[in-house]
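Architecture at a glance
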Amino acid sequence: MVGKAPPYKIMRADRCCLFYAGGNGYFNEEEKMSAMLTKEELEKAFKEVKRMRNQANSRILSWEHCIVQFSSVFGDINNGKIEKISCEHIDYLSLHLGFFLASWGMMRGSTDLLGYDYKVHIPAIKTILHYTNLFRLDFLDNPSESGWESLENLTTELKVAYTSDKMQKRPLSNMTDTLVTKILMGTLGIVPAYDDFVKTAVKHYGITTANFNRKSFEKFAEYFSTHFVQEINAYTNEMQSYSQFYTKAKVIDVLLWYLGKEISKQKAEEKRKTRGEK
């Protein structure tokens, strides 16, 4: 009697390619075999990210400005310097978070935030400040069970902070994984932001699913820990020469964002050629 094949198996693991052999078929239903992420592609992406970061007034700096402000507050709380954050300081943090989110596409016409000012973030800021234990806790480094529990609780509370009529005079109609993870990245630096380009890269290379949850993210962390641990450690150390607050999660976030952007451009170009456009 022939036994069942395991649902997942790695094929050509030396070139970082994931192949799904069970369930409904392939891991990425659009492609029978995921593309292979190479060290050369990762190195090229990192060089481009550094070039972008060093441009005057780069939007990458919006994250650095934002995380520095939250770091200062978390540090003061943990050191016992302050017991209560003033309304003025919360307002200031909300302004930084709002500008960071706007810099990274969360104030476009297709988003709920377009119709709001920065003060919509105040309930979320008050929520986040209760989770000082999560600041810069890099979830690529196998955090404790209590760390995962705190992250799951905060994720739930953030959705409430934006969509509950008890927290907002005019609640948002929806809280996407993209918005939640952008906020977690901007304020805590702990997980990559699951935006369209990051999800494009994740699916293209068969890294994990494009949904933000613990199971998916553990596969995310395993992928990079298995195949690119030396590269990510080196890139993170180099980015920390710009700002000490860079985590591996942030470095991977911006690398995948760049790779996903290039993949999307290539697919758009291929479609244009197929239609016979110049």
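What counts and what doesn't
Residues numbered from 1 in each chain as written. Predicted model: local features only at pLDDT ≥ 70, side-chain atom pairs only at ≥ 80, totals over all residues. Heavy atoms only, no water. Core = buried A, V, L, I, M, F, W, Y, C linked by side-chain atoms within 4.5 Å. Buried < 20%, exposed > 50% of the residue type's maximum accessible area, 1.4 Å probe, protein only. Helix = DSSP H or I, 4+ residues; strand = E, 2+ residues; numbered from the N terminus. Contact = heavy atoms within 4.5 Å. Phe/Tyr/Trp six-rings, centres within 6.5 Å; stacked < 30°, edge-to-face > 60°. Lys NZ or Arg CZ within 6 Å of the ring centre and 35° of its normal. pLDDT = per-residue confidence, 0-100. Polar contact = N/O pair within 3.5 Å; in protein donor to acceptor, adjacent residues only side chain to side chain. Salt bridge = Lys/Arg side-chain N within 4 Å of Asp/Glu carboxyl O. Expected span 1.5 Å × (residues − 1). Axes fitted to C-alpha atoms, helices over the stretch in contact; angles between N-to-C directions. Parallel < 35°, antiparallel > 145°, perpendicular 65-115°, else oblique. Left-handed = near helix turned anticlockwise from the far one by under 90°.

Here the focus is the nonpolar core. Ranked by size, the top nonpolar core spans 78 residues in total, and within it Leu184, Phe220 and Leu256 carry the most contacts. Looking at this core element by element, the count peaks at 10 residues for helix α10 (residues 248-274). For Leu184, the contacting residues outside a window of four places in its chain are Leu151, Leu154, Thr155, Leu158, Gly189, Ile190, Val191 and Phe212.

A word on the packing of aromatic side chains. Evaluation of the coordinates by the stated rule reveals 16 aromatic pairs. Pairing Phe46 with Tyr235 gives two aromatic rings, centres 4.1 Å apart and planes at 15°, and the pair type is stacked. Of this pair, Phe46 sits in helix α1 (residues 39-53) while Tyr235 sits in helix α9 (residues 229-239), and the two are 189 residues apart along the sequence. For the pair formed by Phe46 and Tyr235, the shared burial category is buried. Judged by centre distance (5.1 Å) and plane angle (40°), the rings of Phe74 and Phe135 are tilted. Taken together, the residues Phe74 in helix α2 (residues 60-78) and Phe135 in the loop between α4 (122-128) and α5 (145-163) connect sequence positions 61 residues apart. The exposure class assigned to Phe135 is buried, which follows from its relative accessible area of 17%. Ring pairing ties together the aromatic residues Phe139, Trp148, Tyr194, Phe212, Phe217, Phe220, Tyr223, Phe224 and Phe228, which thus form one cluster. Cation over ring: Arg170 sits above Tyr116, and NZ or CZ is 4.0 Å from the ring centre.

Of the residues in the protein, 87% reach a pLDDT of 70 or more, and the chain-wide mean stands at 86. Segment residues 1-32: pLDDT under 50, and 52 contacts once partners within four positions in sequence are set aside and those in other chains are kept.

On to the side chain of Ser62. Take Ser62: it is sitting in helix α2. Look at Ser62 and you get buried, because its relative accessible area is 10%. Polar contacts involving the side chain of Ser62 include one to the side chain of Ser103, which spans 2.8 Å. With residues up to four places along the chain from it excluded, the contact list for Ser62 reads Phe99, Phe100 and Ser103.

Oppositely charged side chains can pair when the atoms bearing their charge come close. Considering all chains together, one arrives at 13 salt bridges under this definition. Lys50 serves as the salt-bridge partner of Glu238, at 2.6 Å between the closest nitrogen and oxygen. Of this pair, Glu238 sits in helix α9 while Lys50 sits in helix α1, and the two are 188 residues apart along the sequence. The shortest N-O distance in the salt bridge between Arg214 and Glu218 comes to 3.0 Å. With Arg214 and Glu218 both in helix α8 (residues 214-227) and four residues apart, this pair spans about one turn of that helix. Classification of Arg214 by relative accessible area gives partly exposed; the value is 24%. Each of Glu145, Arg214 and Glu218 takes part in one network of salt bridges that share partners.

Inspection of the secondary structure puts Glu152 in helix α5. Through-space distance from the C-alpha of Glu152 to that of Asn213 is 8.5 Å; in sequence the pair is 61 residues apart.

Before going further, it helps to examine unusual backbone geometry. One non-glycine residue, Asn57, lies in positive phi territory at about 55°. Along the chain, Asn57 turns up in the loop between α1 and α2. For Asn57, a relative accessible area of 73% puts it in the exposed group. Non-glycine residue Arg136 carries a positive phi angle of around 60°. Note on placement: Arg136 falls in the loop between α4 and α5.

Turning to α10, a few remarks are in order. With 27 residues, α10 extends 39 Å between its outermost C-alpha atoms, agreeing within 8% with the 39 Å of an ideal straight helix rising 1.5 Å per residue. Backbone geometry just downstream of α10 places Gly276 in the positive-phi region, at approximately 80°.

This part takes up the packing of α5 against α8. For the pair α5 and α8, interaxial distance at closest approach is 12 Å and the crossing angle is 125°. As far as their axial angle goes, α8 and α5 are oblique. Between α5 and α8 lies a crossing whose hand is right-handed. Along its contact with α5, which presents Glu145, Trp148 and Glu152, the element α8 presents Arg214, Phe217 and Glu218.

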